[in-house]
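As a plain string of letters, each chain reads:
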Amino acid sequence: QEQLVESGGGLVQAGGSLRLSCAASGRTFNNYVMGWFRQAPGKEREFVAYISWSGGRTLHADSVKGRFTISRDNAKNTVYLQMNSLKPEDTAVYYCAGGPTISRDHARYEYWGQGTQVTVSS
């Protein structure tokens, strides 16, 4: 079974930066599209970004485009989300996910991490 563990969340002031990491285990990792999602209290889960198996194709949500960057290092079984110019509205629990199909829909992803909290203060 594939296991995903996020880390790197924390408290940061508006305009600051954080880098989230997602460590994966299991041999299916290199065959999977990896995505980042986030969920704020009282809101639905929101797509943030995805990256293809090879890392050659990426997509970022309009709300984070130009500020966040997804990347992966298959040799290290790790996916990253670099977050710059953070805003209070970025505050949420951030989840790493893996699935067989490139998609913005959380239902297409099969494996999920436990989440890491990101809080951006004004």
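Note: the structure precedes this text.
Cut-offs applied
Residues numbered from 1 in each chain as written. Predicted model: local features only at pLDDT ≥ 70, side-chain atom pairs only at ≥ 80, totals over all residues. Heavy atoms only, no water. Helix = DSSP H or I, 4+ residues; strand = E, 2+ residues; numbered from the N terminus. Rg over C-alpha atoms; globule rule 2.2 N^0.38 Å. Buried < 20%, exposed > 50% of the residue type's maximum accessible area, 1.4 Å probe, protein only. Contact = heavy atoms within 4.5 Å. Areas by Shrake-Rupley, 256 points an atom, 1.4 Å probe, with all protein chains shown as cover. Lys, Arg positive; Asp, Glu negative; His and termini not counted. Charge placed at Lys NZ, Arg CZ, Asp CG, Glu CD. Salt bridge = Lys/Arg side-chain N within 4 Å of Asp/Glu carboxyl O. Core = buried A, V, L, I, M, F, W, Y, C linked by side-chain atoms within 4.5 Å. Pairing = 2+ DSSP bridges. Axes fitted to C-alpha atoms, helices over the stretch in contact; angles between N-to-C directions.

If you tally the helices and strands in the chain, you get zero helices and 11 strands. Listed N to C, the secondary structure of the chain is β-β-β-β-β-β-β-β-β-β-β in terms of helices and strands. Expected size for 122 residues packed as a compact globule is a radius of gyration near 14 Å; at 13 Å, the chain falls within 12% of this value. Expressed as lengths along the three principal axes of its C-alpha atoms, the size of the chain is roughly 40 × 30 × 25 Å. Across the 122 residues of the chain, 43% fall into the buried class. Restricting the contact set of the chain to residue pairs at least 6 apart, pairs at least 24 apart contribute 57%. Accessible surface, the chain: about 6,400 Å² in total, of which carbon and sulfur atoms supply 45%. In the chain, which carries 13 positive and 10 negative side-chain charges, the distance between the mean positions of the two groups comes to 4 Å.

Applying the stated criterion across every chain yields a total of four salt bridges. With a closest N to O distance of 2.9 Å, Arg-38 and Glu-46 form a salt bridge. Note that Asp-62 and Lys-65 form a salt bridge whose closest N and O atoms lie 3.1 Å from each other. Summarising the burial analysis for this pair, Asp-62 and Lys-65 share the class exposed. Among the charged side chains, a network of salt bridges with common partners joins Arg-38, Glu-46, Arg-67 and Asp-90.

Attention now goes to the nonpolar core. Membership of the largest hydrophobic core comes to 33 residues, with the highest contact counts inside it found for Met-34, Trp-36, Val-48, Phe-68, Leu-81, Met-83 and Tyr-94. Looking at this core, the elements with two or more residues in it are strand E3 (18–25), strand E4 (33–39), strand E5 (46–51), strand E7 (68–73), strand E8 (78–83), strand E9 (92–99) and strand E11 (116–121). By residue number, the principal contributor to this core is E5, which donates five residues. In this structure Val-48 touches Trp-36, Phe-37, Arg-38, Leu-59, His-60, Ala-61, Val-64, Phe-68, Leu-81 and Tyr-94, once residues within four positions along its chain are discounted.

On to the sheet that holds E3, then. Taken in spatial order, the four strands of this open sheet run E1-E3-E8-E7, and their pairing is antiparallel. What marks the edges here is a single partner per strand, and that holds for strand E1 (3–7) and E7. Between one strand axis and the next, the sheet turns by 15° as a mean value, whatever way the strands run. In the sheet, E3 pairs with E8 via six bridges, with the strands oriented antiparallel.

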